[in-house]
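# Inside the fold
Spelled out from the first residue to the last, the chains are:
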Amino acid sequence: MAASASDVAALIESAKKAAAFQAVEDHLSPTDKFVGIGSGSTVVYVVEAIAAKGPSFSANMTFIPTGSQSKGLIRAAGLRLCNLDERPVINGVSVALDVAFDGADEVDEDLNLIKGGGACLFQEKLVAVAARKFIAVADSRKQSPRLCTKWKTIPIEVLPLAAPDVLNRLKAMGSPNPVVRSGLPSKAGECVTDNGMWIIDAPFPPLLLPKDLTAEVDGTGKNGAWEIGRLAEELVKLPGIVEIGLFHGFNGVQAVGLGKEFQAQKPVAAYFGTPSGEVQVQNAA
Ligand SMILES: O=C(CO)[C@H](O)[C@H](O)COP(=O)(O)O
């Protein structure tokens, strides 16, 4: 007999929970002081896992939110909250986050991410790049060889005034039917982000990795074939785009070697809960 929709939903929730609990167990150390908390339904279990460790475990920790949902989660769990721009400054530099946990909409085989399904991508990216270590948590539906395969659109945060021009420019770049995200069913009109912006969901064909490029396929969008880095570079140049939901490039460990500490958008590991109850860990190569 086929599983009912509610059985499937329960399995997905337990998969997310298992991934979040394992990620917290493996990556949150009792000596950590500043911890980023992402947005979405999987991160709820990250906060639950931290709270389950008891108040003494997190007594010396401060939690940095990525938007109003995560602020609410931190507060409701009785954890200490600090906004990203209010963390202490030492020797003229804001302290780094020891670790940040966040969900993802799609994760490719090189740990590039699509984020922004919950419209929080801008603050999520600010928090991820402020952390020494970024960990993604998800259920196994989010695993994919290439981005834009299962989650077929890139969420893009835009200034509302610029939305019509950005839509046209995206079409010129080969996005077949970009649309401004609706706030329905909960809000009539556009989805408005925590930053007062709108989200455009821009479909693109599956995004290539540098290793896919050849003399014929250079990843610059000819025939619709974009490599992630090249597409991201072109998108952020478009006036009116505030931030894009592609998290790509290098991870925290590689960033240190590149002299770009605390600018890493990519996680060092992604935790995927499966319906069978296992957790698969995808570590950076
Ligand atoms: O990027 C996000 C919000 O902007 C979320 O992290 C992403 O949409 C995953 O959410 P969920 O854990 O509910 O699947």
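Residues numbered from 1 in each chain as written. Predicted model: local features only at pLDDT ≥ 70, side-chain atom pairs only at ≥ 80, totals over all residues.

In the annotation of an unreviewed UniProt entry, the entry for the protein chain reads Ribose-5-phosphate isomerase, and the organism field reads Hypocrea virens. Turning to the protein chain, the UniProt annotation filed under Sequence similarities (unreviewed entry) states: "Belongs to the ribose 5-phosphate isomerase family." UniProt's Pathway (unreviewed entry) comment on the protein chain is quoted here verbatim: "Carbohydrate degradation; pentose phosphate pathway; D-ribose 5-phosphate from D-ribulose 5-phosphate (non-oxidative stage): step 1/1." (UniProt positions renumbered as here; feature names shortened; annotations may be inferred.)

### Some words on the overall build of the protein chain
In terms of regular secondary structure, the protein chain is built from seven helices and 15 strands. Over its C-alpha atoms the protein chain spans a radius of gyration of 19 Å, differing by no more than 12% from the 19 Å that the globule rule assigns to 285 residues. Taking the principal axes of the C-alpha coordinates as reference, the protein chain spans close to 60 × 55 × 45 Å. Counting all 285 residues of the protein chain, 44% fall into the buried class. A sequence separation of at least 24 residues applies to 70% of the contacts in the protein chain between residues at least 6 apart. (Helix = DSSP H or I, 4+ residues; strand = E, 2+ residues; numbered from the N terminus. Rg over C-alpha atoms; globule rule 2.2 N^0.38 Å. Buried ≥ 20, exposed ≤ 12 C-beta atoms within 10 Å, placed from the backbone. Contact = placed C-beta atoms within 7 Å.)

### Points about the environment of W151
One can find W151 in the loop between β8 (134-139) and β9 (153-158). C-alpha separation for the pair W151 and V107, spaced 44 residues apart in sequence, amounts to 9.5 Å. Excluding residues that lie within four positions of it along the chain, W151 makes contacts with D105, E106 and I114.

### Topic: the site of the ligand
Close to the ligand lie 17 residues; G40, T42, G103, G117 and G118 are nearest. Its residues assigned to classes, the shell around the ligand comprises four nonpolar, nine polar and four charged. (Near = placed C-beta within 6 Å. Nonpolar A, V, L, I, M, F, W, Y, C, P; charged D, E, K, R; others polar.)

### Some details on the nonpolar core
In terms of nonpolar packing, the biggest core is built from 79 residues, with A19, I37, V46, V137 and I200 touching the most fellow members. Each of domain 1 (5-144 + 248-283) and domain 2 (153-245) accounts for three or more of the residues forming this core. Ignoring sequence-local partners within four residues, the contact set of V137 consists of A19, A20, A23, T42, V46, F101, G103 and Y271. (Core = buried A, V, L, I, M, F, W, Y, C linked by C-beta atoms within 7 Å. Domains from an automatic or database assignment.)

### A few points about the packing of helix α2 (residues 43-52) against helix α3 (residues 68-76)
Remark: α2 packs on α3, axes separated minimally by 10 Å, with the N-to-C direction vectors making an angle of 20 degrees. One finds that α2 runs roughly parallel with respect to α3. The crossing of α2 and α3 is right-handed. Taking contact as the criterion, the partners of V43, V44 and V47 in α2 are, on α3, S70, L73 and I74. (Axes fitted to C-alpha atoms, helices over the stretch in contact; angles between N-to-C directions. Parallel < 35°, antiparallel > 145°, perpendicular 65-115°, else oblique. Left-handed = near helix turned anticlockwise from the far one by under 90°.)

### Notes on helix α1 (residues 5-27)
Its 23 residues place the ends of α1 33 Å apart at the C-alpha level, agreeing with the 33 Å of an ideal helix rising 1.5 Å per residue. The complete set of buried residues in α1 reads A15, K16, A18, A19, A20, F21, A23, V24 and H27. Those residues of α1 hidden inside the fold are in contact with α2, β5 (99-102), β8, β14 (269-273) and β15 (279-283). (Expected span 1.5 Å × (residues − 1).)

### Focus on the sheet that holds β9
Across the sheet, four strands lie side by side as β10-β11-β9-β12; this open sheet has antiparallel pairing. Each edge of the sheet is formed by a strand with only one pairing partner; in this case those strands are β10 (179-180) and β12 (241-244). Pairing geometry for β9 and strand β11 (residues 198-203), over six bridges, is antiparallel. If you follow T153 over to β11, its bridge partner there is P203. On top of the sheet, helix α6 (residues 228-237) reaches β9 and β12; it is set at about 160 degrees to β12, its chief contact. (Pairing = 2+ DSSP bridges.)

### Details of the sheet that holds strand β13 (residues 246-247)
Spatially, β6-β7-β13 is the arrangement adopted by the three strands of the open sheet, whose pairing is antiparallel. Edge positions in the sheet fall to β6 (106-107) and β13, since each has one partner strand and no second. Of the strand pairs in this sheet, strand β7 (residues 113-114) and β13 are connected by two bridges, and their pairing is antiparallel. Looking at β13, one finds that L113 is bridged to F247.

### Some remarks on the domain arrangement of the protein chain
For the protein chain, the assigned domains read domain 1 (5-144 + 248-283) and domain 2 (153-245). Between domain 1 and domain 2, the contact holds 16 residues from the first and 15 residues from the second. The leading source of residues in the side of domain 1 that touches domain 2 is helix α4 (residues 121-129), at four residues. Broken down by class, the residue content of the side of domain 1 that touches domain 2 amounts to five nonpolar, eight polar and three charged.

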